[in-house]
Amino acid sequence: MDLRHGKVFPSAPLLLKLWITLLLNPGISGAASVDYDGWKVLEVYLESVSDDVIPPTLIKLEDMEAEGYLVVLSVSKVKGISEVTVSPEALEDLTKMQDDGLITFDIISDNLGKELDLETRQKESNILRSPITFDSYMSFNDMTSYLESLEAKHPNRVRVEEVGKSVEMRPIYLVRVTNSIGNNTEKKVIFLHGGIHAREWVSPHSALYVIQNLLTATSFTENIEWQIIPMLNPDGYVYTWESNRLWRKNRASHSTCPGVDLNRNFVYQWGGIGTSDNPCSDIYKGPSAFSEPESQALRDTMLPLDGKVKACITFHSFGQYIIYPWDYSTQVTHPLKAPMHQAGRVMARNIRKQTGAVYRVGNAAVSYYPAAGTSDDWASYAVNVPYVYTIELRDTGSYGFTLPAAQLLPTVNDAWTAVKYMGTLVQSKYT
Ligand code: 0X9
Ligand code: ZN
């Protein structure tokens with residue numbers, strides 16, 4: 001039982017049920033496949049508390065998640081709810097808890113499995129189209145083939161380098177795009193990374209869409225070198241295709257519960273608020289800062305660029321937020337809050353004009369929730385990047401992580417619209 005918040009939860013009979021749930025669904029934390037047929041999606045109401053306090057119900061939900069009891073899909077401070085998905089067996093217990101006044105929830109989707117079946121049918125066929133079209137989700141192998149084809153097609157503008165290998169030895173690629181490769185010593189860098197969280201499929205797709213768009217014109221690559229790691233967590237991504245669609249972490253095996261949340265594994269403020277030392281938790285920080293080869297790959301690529309990187313954007317989903325550091329505390333204001341907020345608002349305005357989607361802008365800890373050891377706080381602190389953002393892409397919760405493929409193109413367009421503004425801002429301010 002996780003006692004890190006000084007609470008013992010759930011109660012003994014629930015624990016018994018929990019182990020039955022775990023036996024029935026070993027893939028939640030282990031290696032077998034998870035079938036979400038019959039799983040419901042709930043909106044659980046969170047207490048309204050002050051900024052730097054985690055609502056007690058959210059602590060309960062995170063503890064239950066670490067026990068394999070449910071999966072937390074999202075937390076919205078603004079709406080005061082957390083979306084979770086539960087097996088039919090676990091729902092019985094949650095209903096009992098609701099009856100006992102311990103929790104309040106509404107059921108918002110009756111069968112997550114049905115939505116996932118639809119998604120499976122929408123996955124791309126094995127034929128790789130070039131240019132890639134974003135009308136369906138790409139497998140890791142298709143993404144890799146696409147990236148490996150780029151240098152031959154654009155020899156003067158692209159370099160694709162392996163900057164590390166994942167726990168399961170898959171390549172982590174860095175794509176560098178500029179106007180003339182080789183002539184780049186003085187160029188400012190815009191750094192993008194995607195795919196930290198395995199189940200957030202729109203994230204690596206956004207990075208690929210940006211690469212494709214940068215290559216169709218030369219204006220955004222004038223005087224700038226773009227450095228992009230589209231897929232930082234390839235093992236997790238493959239796992240979401242093959243075994244558990246809602247997997248978030250990498251696939252490290254530090255204990256019987258696999259995986260480290262890579263977005264809690266960076267050294268700056270490592271282990272602070274919004275992290276867990278329980279390996280079974282979805283927000284497990286890892287045994288030490290930078291314990292994971294995937295976070296090391298980002299560190300080793302970005303650190304030598306200290307002072308050169310003028311903007312860094314990391315793509316996540318979902319919720320439609322453009323948020324900036326600090327992530328780790330609601331109490332500490334970033335010295336560059338004003339320019340980051342202002343540019344964030346322009347990105348949101350441009351997205352609204354371009355695609356109609358509404359993105360909220362604000363400080364990550366205050367307008368979203370505090371989380372320590374994240375890649376964006378680290379980029380801001382350790383690489384001195386003046387404009388740092390996490391963009392939580394579509395949607396606002398109707399489908400969440402399992403966004404239908406029909407919404408992929410509009411979503412990656414949101415990302416591209418935001419990124420384009422960063423390109424023009426960096427060009428006008430720093431080159
Ligand atoms: O929790 C995270 O790592 C990110 N959200 S997600 O739902 N995609 O997992 C947010 C990280 C940004 N920082 C803060 N929320 N403080
Ligand atoms: Zn994420």
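Below, the structure is looked at part by part. The shown structure was predicted, so the numbers you read here are calculated from the model rather than taken from an experiment. (Residues numbered from 1 in each chain as written. Chains lettered and ligands numbered in written order. Predicted model: local features only at pLDDT ≥ 70, side-chain atom pairs only at ≥ 80, totals over all residues. Heavy atoms only, no water.)

1. A word on the overall build of the protein chain
Counting its secondary structure elements, the protein chain contains 12 helices and 12 strands. A sequence separation of at least 24 residues applies to 75% of the contacts in the protein chain between residues at least 6 apart. By element, 52% of the accessible surface of the protein chain is carried by carbon and sulfur atoms, the whole surface being about 16,200 Å². (Helix = DSSP H or I, 4+ residues; strand = E, 2+ residues; numbered from the N terminus. Contact = heavy atoms within 4.5 Å. Areas by Shrake-Rupley, 256 points an atom, 1.4 Å probe, with all protein chains shown as cover.)

2. Observations concerning empty space enclosed by the protein
The final tally for this structure, using the stated rule, is 3 cavities of 30 Å³ or more. Volume-wise, the second largest cavity comes out at about 90 Å³. Every residue lining the second largest cavity is counted, 15 residues in all, and those nearest its centre are Val41, Leu73, Glu83, Leu112 and Tyr399. For the lining of the second largest cavity, the secondary-structure elements that each account for two or more residues are strand E4 (105-109) and helix H4 (112-122). (1 Å grid on protein atoms, 1.4 Å probe; cavity = no way out; pocket = protein on both sides within 12 Å on 5 of 7 lines; lining within 4 Å. Points joined across faces, edges and corners; volume = space filled by probe spheres on them.)

3. Overview of the packing of helix H8 (residues 293-302) against helix H11 (residues 375-382)
Two elements in contact, H8 and H11, have axes whose closest approach is 12 Å; the angle formed by their N-to-C orientations is 25°. With respect to H11, the axis of H8 lies roughly parallel. The two elements H8 and H11 cross, and the hand of that crossing is right-handed. In this structure, H8 uses Leu298, Arg299 and Met302 to contact H11, whose residues at the interface are Ser375, Trp378 and Ala379. (Axes fitted to C-alpha atoms, helices over the stretch in contact; angles between N-to-C directions. Parallel < 35°, antiparallel > 145°, perpendicular 65-115°, else oblique. Left-handed = near helix turned anticlockwise from the far one by under 90°.)

4. Let's talk about the packing of aromatic side chains
On inspection of all chains with the given rule, the structure shows 18 aromatic pairs. The interplanar angle of 85° and the centroid separation of 5.0 Å between the aromatic rings of Phe134 and Tyr209 together place this pair among those described as edge-to-face. One end of the pair, Phe134, is in the loop between H4 and helix H5 (140-153); the other, Tyr209, is in helix H6 (residues 202-214), and 75 residues separate them in sequence. Grouping residues by exposure puts Phe134 and Tyr209 together as buried. With centroids separated by 5.9 Å and ring planes inclined at 55°, the aromatic side chains of Trp326 and Tyr328 adopt a geometry described as tilted. Exposure class is identical for Trp326 and Tyr328. Each is buried. Between Arg251 and the ring centre of Trp247, over which it is positioned, the NZ or CZ distance is 4.6 Å. Stacked on the ring of Phe290, the Lys or Arg Arg299 has its end atom at 4.8 Å from the ring centre. (Phe/Tyr/Trp six-rings, centres within 6.5 Å; stacked < 30°, edge-to-face > 60°. Buried < 20%, exposed > 50% of the residue type's maximum accessible area, 1.4 Å probe, protein only. Lys NZ or Arg CZ within 6 Å of the ring centre and 35° of its normal.)

5. Describing the site of ligand 1
Taken together, 14 residues surround ligand 1, and among them Arg248, Arg264, Asp327, Tyr369 and Glu392 come closest. The contact in question runs from a nitrogen atom of ligand 1 to an N or O atom on the side chain of Asp327, over 2.8 Å. With the chains in place, 97% of the 410 Å² that ligand 1 exposes on its own is no longer accessible. Among the residues making up the shell around ligand 1, the classes are represented as 5 nonpolar, 4 polar and 5 charged. (Near = heavy atom within 4 Å. Polar contact = N/O pair within 3.5 Å; in protein donor to acceptor, adjacent residues only side chain to side chain. Nonpolar A, V, L, I, M, F, W, Y, C, P; charged D, E, K, R; others polar.)

6. Quick look at the sheet that holds strand E2 (residues 70-76)
Taken together, the 4 strands give an open sheet; going across it, the order is E2-E3-E1-E4, and neighbouring strands pair in antiparallel fashion. Of all strands in the sheet, those bounded by a partner on one side alone are E2 and E4. When strand polarity is set aside, the average angle formed by the axes of neighbouring strands in this sheet is 25°. The pairing of strand E1 (residues 40-45) with E4 spans 4 bridges and is antiparallel. Bridge pairing in E4 links Leu42 to Ile107. Across the sheet, helix H3 (residues 88-99) is in contact with E1, E2, strand E3 (81-86) and E4; its angle to E4 comes to roughly 150°. (Pairing = 2+ DSSP bridges.)

7. Quick look at the coordination of the zinc ion (ligand 2)
In ideal tetrahedral geometry, four donors around a metal make angles of 109.5 degrees, whereas ideal octahedral geometry with six donors gives angles of 90 or 180 degrees. The protein atoms that coordinate the zinc ion (ligand 2) are His197 (ND1), Glu200 (OE), Glu200 (OE) and His316 (ND1), at distances of 2.0 to 2.3 Å. Mapped onto the sequence, the donors of the zinc ion (ligand 2) take the spacing H-x2-E-x115-H. Within this pair, whereas Glu200 is found in the loop between strand E7 (188-193) and H6, its partner His316 is found in strand E9 (residues 309-317), the two being separated by 116 residues in sequence. Considered together, Glu200 and His316 belong to a single accessibility category, that of buried residues. (Donors = N, O, S within 2.8 Å, 3.2 Å for Na, K, Ca; no water.)

8. A short note on the sheet that holds E7
The mixed open sheet is built from 8 strands, whose spatial order is E5-E6-E8-E7-E9-E12-E10-E11. A single partner strand is all that each edge strand has here, and the edge strands are strand E5 (158-165) and strand E11 (360-363). Ignoring which end each strand starts from, the neighbouring axes of this sheet average 20° apart. Both strand E10 (residues 321-324) and E11 contribute to a ladder of 4 bridges, which runs parallel. Paired with Ile322 across the bridge in E11 is Val361.

Everything listed here is a matter of geometry and, on its own, says nothing about what the molecule does.
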